[in-house]
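# Structural overview for review
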Amino acid sequence: MFFLEALLALFVISGVAISFLDLIRYLNLIINHPPLQTYEILRTFLGHILLLVIGLELVIMLVRHTPSSVVEVLLYAIARKIIMEAKTTLDVLIGVVALGGLFLLIKIYTPERLHAEKGAIVSSSMPIWEVNEIANVNIPENMANTIGELISILASNEGKNIAIGQVFRINDAEISIYSMEGNLVRLVFVKRTEEANEVHC
């Protein structure tokens, strides 16, 4: 499943990169048409840009597997819907209400932060600095770029096998392997502990 998602993400990135060429064509159309005829072209141009942004956010969602990344995709999707398809004031109002609801959701209910006191389930590809913020821990950021890379280093240093349920401790963080895809760690559970296990690099 992990490899399939990575392959899908690669296809999306390729499609977005190729579609960047269309932006140049849109600019050429805007330049070569009179001002009164460029309204629809410009609207389509903006819709195209937002579609590319949605594609990039979708890649992030496939890689990170976090609820907040899903919300970000929905934000851009609703914004594009308003720009491209809103015909009446009611359509715009409904879109604005939907955006407001998502912003409120982000403000009061970000699942990663809500469960930070008990711990957080994060993707192995998540950067360590972001894990520190989400789980309220202090994992050294100079040991590895992602939490998955850190697990590999800790397993090697401690002579442990990488398996579901395996636990690693570093500074004030306890890191457990939550799920795997073959031999690759997919999700990890990180929580703050009272005792600090200092690591010097």
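Predicted model only: the values in this text are computed from it and were never measured.

Phi angles above zero are rare outside glycine, and Asn-136 is one such case at about 55°. Relative to the helices and strands, Asn-136 resides in the loop between helix H6 (128–135) and helix H7 (147–158). A positive phi angle, close to 50°, is found at Asn-171, a residue other than glycine. For Asn-171, a relative accessible area of 11% gives the class buried.

Another point: the nonpolar core. Grouped together as the largest cluster of nonpolar side chains are 25 residues, with contacts concentrated most on Ile-139, Leu-150, Ile-175 and Val-190. Elements with a minimum of two residues in this core: strand S1 (120–123), H6, H7, strand S2 (167–181) and strand S3 (184–197). Residue contributions to this core peak at six residues, all from S2.

The subject of this paragraph is the confidence of the model for the chain. Model confidence for the chain is summarised by a mean pLDDT of 81, while 87% of its residues fall at 70 or above. Looking at the elements of the chain, mean pLDDT is at its lowest for helix H5 (residues 111–114), recorded as 48, and at its highest for H7, recorded as 91. Throughout residues 112–116 the model reports pLDDT below 50, and contacts reaching past four residues in sequence, or to other chains, amount to eleven contacts.

What follows is about H7. Each α-helix winds once per 3.6 residues, and so residues spaced three or four apart point in a common direction. When the terminal C-alpha atoms of H7 are compared, their 16 Å separation across twelve residues agrees well with the 16 Å that a helix rising 1.5 Å per residue should span. Considered for burial, the residues of H7 that qualify are Ile-147, Gly-148, Leu-150, Ile-151, Leu-154 and Ala-155. The buried residues of H7 occupy an angular sector of 155° when projected down its axis, which confines them to one face. Facing away from the buried side of H7, by more than 90 degrees, are the exposed residues Ser-156 and Asn-157. Gly-159, located one to two residues past H7, shows a positive phi value of around 70°.

Bringing the environment of Met-180 into the picture now. For Met-180, the position within the fold is in strand S2. Distance from Met-180 to Ile-162, taken between C-alpha atoms, is 9.3 Å for residues 18 residues apart in sequence. Excluding anything up to four places from it in sequence, Met-180 contacts Ile-162, Ala-163, Ile-164, Val-185 and Arg-186.

Each pair of aromatic rings is reported with the distance of its centres and the angle of its planes. Summed over all chains, the structure comprises one aromatic pair. With a centroid separation of 6.0 Å and 65° between ring planes, the pair formed by Tyr-26 and Phe-45 is classed as edge-to-face. Here the residue Tyr-26 occupies a position in helix H1 (residues 2–32), and Phe-45 occupies one in helix H2 (residues 38–64), the gap between them amounting to 19 residues.

For the rest of this paragraph, the subject is the side chain of Glu-174. Counting through the fold element by element, Glu-174 comes out in strand S2. For Glu-174, the side chain forms a polar contact with the side chain of Arg-169, separated by 3.0 Å. Setting aside chain neighbours within four positions, we find Glu-174 in contact with Val-167, Phe-168, Arg-169, Phe-189, Val-190, Lys-191 and Thr-193.

The next subject is the pattern of salt bridges. Taken as a whole and assessed by the stated rule, the structure comprises six salt bridges. A salt bridge links Glu-40 to Arg-43; the shortest N-O distance between them is 3.2 Å. With Glu-40 and Arg-43 both in helix H2, this residue pair falls three residues apart, about one helical turn. Of the residues examined, Glu-40 reaches a relative accessible area of 42% and is grouped as partly exposed. Close ionic contact of Glu-174 with Arg-169 constitutes a salt bridge, the shortest N to O distance being 3.0 Å. Arg-169 gets classed as partly exposed once you look at its relative accessible area, which sits at 45%. A cluster of three or more residues bridged by salt bridges with shared partners is formed by Arg-169, Glu-174 and Lys-191.

How each quantity is defined
- Residues numbered from 1 in each chain as written.
- Predicted model: local features only at pLDDT ≥ 70, side-chain atom pairs only at ≥ 80, totals over all residues.
- Heavy atoms only, no water.
- Helix = DSSP H or I, 4+ residues; strand = E, 2+ residues; numbered from the N terminus.
- Buried < 20%, exposed > 50% of the residue type's maximum accessible area, 1.4 Å probe, protein only.
- Core = buried A, V, L, I, M, F, W, Y, C linked by side-chain atoms within 4.5 Å.
- pLDDT = per-residue confidence, 0-100.
- Contact = heavy atoms within 4.5 Å.
- Expected span 1.5 Å × (residues − 1).
- Arc of directions from axis to C-beta.
- Phe/Tyr/Trp six-rings, centres within 6.5 Å; stacked < 30°, edge-to-face > 60°.
- Polar contact = N/O pair within 3.5 Å; in protein donor to acceptor, adjacent residues only side chain to side chain.
- Salt bridge = Lys/Arg side-chain N within 4 Å of Asp/Glu carboxyl O.

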